Amino acid sequence: MDLYQKDNYIIDDIENLINNEVEENVHLDYKASGALDKEDKKRTEITKDVSAFANSDGGIIVYGVSEEDHRPKGFSPIDGRIYTKEWLENVIQLIQPRIDNLKIYPVRINDLEQSIYVVKIPRSGNAPHMARDKRYYKRFNFKSEPMEDYEVKDLYNRTSIPKLEITGCLFSHRETDTEIEYELVAGIANNGNHVCESYKLNFYINTATYCNKISYKPLEVKNSFTIIGKNRLKLSSPSQEPIYPNEQLDMGHFEITVKKENNALFLNGLIIDMILFYPGGNYDLAYIPSTKEFIEGRENINKVLDNI
């Protein structure tokens, strides 16, 4: 199992890190026993390192392993009688605000006198977190670096701005004697920590010249469509209700009718380009029905569109 997904750690996990020379990175840090000390400077360093992970993308600090050139060198055990798990928790709680869901796992080499602490730090949704020296830190190039003012402000947006994403696209069809009727639906999700009441999802169809009819259901939904040039069609679906954190919704439900003799031309090179707009950002995703492929990011989508 991946190191970051474990919910318990044993000495074999630490030995594997050492034997495989797993290098420190933005999500992993090693600290020798001297990193835990009761003097003020060392306690402040602990809060700097832990808060930096929480303010960044989360990660693991292994206290009790020495490193050289950012690779684990060997055990540097901590005396668990003096520096207990509770002592380390109390030091970490000096960070403001408190980091939720942080876990400390004691690992014993032989006995209590030879301990290692694996501190698992989540990417915090309550950032930014301030260290004991009243400064804010981030994880950068194996270190805890002070944050710029704009970076601190960006972290406040984790809780004040929603984070919406497009989760997928359904492009199903049914046939009549003369036509093929496609239904276009996309799923969206709020992966942030803030309710979003206003948002809009646009679909762009690049082979629209072969569409015979556009409709949507239910009729009371205020969807709309706009013809852009000869071949491009914009289908727009506005928000109908608030979307709460961790909630998912379906949007669109457009019906696109194509005559059977034009269907091959319609599908050839068809890219369903989607943009989800919401306060503070947007999310871009494209779907290619012929290959069932998704393309994420505006730059990548534009490259594909330019090649058609």
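Before reading further, recall that the structure is shown in the block above.
For every chain, the first residue of the written sequence is number 1, and numbering continues from 1 along that sequence. Two thresholds apply to this predicted model, a pLDDT of at least 70 for residue-level local features and 80 or more for giving and counting side-chain atom pairs, whereas whole-chain, interface and lining totals are computed over all residues. Note that the side-chain values use all heavy atoms of the structure and ignore hydrogens as well as water.

## Focus on the packing of aromatic side chains
How two aromatic rings sit relative to each other is set out by the distance from centre to centre and by the angle between their planes.
Okay, so step 1: To pair, rings of Phe, Tyr and Trp, with the six-membered ring standing in for Trp, must have centres within 6.5 Å; the planes then decide the type, stacked if under 30 degrees apart, edge-to-face if over 60, and tilted in the middle. This model, assessed by the stated rule, comprises six aromatic pairs.
Okay, so step 2: Between the aromatic rings of Tyr9 and Tyr105, the centroid separation amounts to 5.0 Å while the plane-to-plane angle is 70 degrees, which identifies the pairing as edge-to-face. Residue Tyr9 is located in the segment before α1 (11-19), and its partner Tyr105 is located in strand β5 (residues 103-108); the two are separated by 96 residues in the primary sequence.
Okay, so step 3: With a 1.4 Å probe rolled over the protein chains alone, any residue whose accessible area is under 20% of its type maximum counts as buried; one over 50% counts as exposed, and the rest are partly exposed. Note on Tyr9: relative accessible area 4%, which makes it buried.
Okay, so step 4: Summarising the aromatic geometry, the rings of Tyr182 and Phe266 are spaced 5.6 Å apart at their centres and angled 45 degrees between planes, so their arrangement reads as tilted. Pair noted here: Tyr182 is in strand β10 (residues 179-190) and Phe266 is in helix α5 (residues 263-267), with a separation of 84 residues, a long-range link. Phe266 carries the same exposure label as Tyr182, and that label is buried. Counting from the N terminus, the helices are the DSSP runs of H or I reaching at least four residues and the strands are the DSSP runs of E reaching at least two.

## Let's talk about the nonpolar core
Okay, so step 1: Working definition of a nonpolar core: buried Ala, Val, Leu, Ile, Met, Phe, Trp, Tyr and Cys residues. They are joined through side-chain atoms within 4.5 Å. Core analysis: the biggest nonpolar cluster contains 34 residues, and Leu184, Ile256, Ile272 and Met274 have the highest contact counts within it.
Okay, so step 2: Those elements giving two or more residues to this core turn out to be β9 (164-175), β10, β11 (200-205), β14 (232-238), β15 (248-259), β16 (272-278) and β17 (281-288).
Okay, so step 3: Any two residues whose heavy atoms approach within 4.5 Å at even a single point are treated as in contact. Filtering out sequence-adjacent residues up to four positions away, Leu184 remains in contact with Cys169, Leu170, Phe171, Phe203, Ile205, Leu235, Met251, Gly252, His253, Phe254, Ile256 and Ile272.

## Comments concerning empty space enclosed by the protein
Okay, so step 1: Only protein atoms enter the 1 Å grid used here. Points where a 1.4 Å probe fits but cannot escape make up a cavity, open sets with protein on both sides within 12 Å along at least five of seven lines make up a pocket, and a residue lines them when an atom lies within 4 Å of a point. Grid points are joined across faces, edges and corners, and a volume is the space filled by probe spheres set on the points. Applying the stated criterion across every chain, the model contains one cavity of 30 Å³ or more.
Okay, so step 2: Counted as a void, the largest cavity has a volume near 30 Å³.
Okay, so step 3: Around the largest cavity, the lining residues are Leu3, Tyr9, Asp13, Ile14, Leu17, Ile60, Val62 and Val118.
Okay, so step 4: If you list the elements that add at least two residues to the lining of the largest cavity, you get α1 and β2 (59-63).
Okay, so step 5: Ten residue types, Ala, Val, Leu, Ile, Met, Phe, Trp, Tyr, Cys and Pro, are classed as nonpolar, four, Asp, Glu, Lys and Arg, as charged, and the remainder, Gly among them, as polar. Of the residues contributing to the lining of the largest cavity, the split by class is seven nonpolar, no polar and one charged.

## Some details on the layout of surface pockets
Okay, so step 1: What the second largest pocket holds in volume is close to 200 Å³.
Okay, so step 2: Considering the residues around the second largest pocket, the lining is formed by Lys85, Glu89, Ile92, Gln93, Arg98, Ile99, Asp100, Asn101, Leu102, Lys103 and Ile104.
Okay, so step 3: Broken down by element, the residue count for the lining of the second largest pocket peaks at three residues, all from helix α3 (residues 85-92).
Okay, so step 4: Residue composition of the lining of the second largest pocket, grouped by class: four nonpolar, two polar and five charged.

## Description of the sheet that holds β5
Okay, so step 1: With mixed pairing, the four strands of this open sheet are ordered in space as β1-β2-β6-β5. Each edge of the open sheet is held by one strand with a lone partner, namely β1 (28-31) and β5. Adjacent strand axes in the sheet meet at a mean angle of 15 degrees when their direction is disregarded.
Okay, so step 2: Sitting on the sheet, helix α2 (residues 40-55) touches β1, β2 and β6 (115-121), and the angle it makes with β2 is about 155 degrees. Pairing between strands is defined by DSSP: at least two bridges between them are needed. In this description, a line fitted to the C-alpha atoms serves as the axis of each element, helices being fitted only across the stretch in contact, and the angle between N-to-C directions of two axes falls anywhere from 0 to 180 degrees.

## Details of the pattern of salt bridges
Okay, so step 1: Salt bridge, as applied in this entry: a Lys or Arg side-chain nitrogen positioned within 4 Å of an Asp or Glu carboxyl oxygen. Tallied over the full model, the rule gives 19 salt bridges.
Okay, so step 2: Across the pair Arg132 and Asp40 runs a salt bridge whose closest N-O atoms are separated by 3.5 Å. Within this pair, whereas Arg132 is found in the loop between β6 and β7 (137-140), its partner Asp40 is found in helix α2, the two being separated by 92 residues in sequence.
Okay, so step 3: For Arg132, a relative accessible area of 29% corresponds to the partly exposed category.
Okay, so step 4: Of the charged contacts, one joins Lys73 and Glu68 as a salt bridge, the two residues approaching to 3.3 Å between their closest N and O atoms.
Okay, so step 5: For Glu68, a relative accessible area of 44% gives the class partly exposed.
Okay, so step 6: Three or more residues are tied together by salt bridges with common partners; here these are Asp29, Lys31, Asp49 and Arg139.

## Some words on the sheet that holds β15
Okay, so step 1: Within the open sheet, the four strands sit side by side as β9-β10-β15-β12. Their pairing is antiparallel. Of all the strands in the sheet, just β9 and β12 (213-216) have a single pairing partner and so form its edges. Within the sheet, the average angular offset between the axes of one strand and its neighbour, ignoring direction, is 20 degrees.
Okay, so step 2: Here β9 runs beside β10; their pairing, made up of 11 bridges, is antiparallel. Its bridge partner being in β10, Cys169 is matched across the sheet by Ala186.

## Structural notes on unusual backbone geometry
Okay, so step 1: Of the consecutive residues Gln96 and Pro97, the connecting peptide bond is found in the cis state with omega at -10 degrees.
Okay, so step 2: Tracing the sequence through the fold places Pro97 in the loop between α3 and β5.
Okay, so step 3: Here the residue pair Ala127 and Pro128 is connected by a cis peptide bond, since its omega of 5 degrees sits within 30 degrees of zero.
Okay, so step 4: Even without being a glycine, Asn101 presents a positive backbone phi close to 65 degrees.
Okay, so step 5: Along the chain, Asn101 falls in the loop between α3 and β5.
Okay, so step 6: A relative accessible area of 64% places Asn101 in the exposed class.
Okay, so step 7: In this model, Asn141 sits at a positive phi of 50 degrees, which is unusual for a non-glycine residue.
Okay, so step 8: Within the secondary structure, Asn141 sits in the loop between β7 and β8 (143-146).
Okay, so step 9: Of the residues examined, Asn141 reaches a relative accessible area of 53% and is grouped as exposed.

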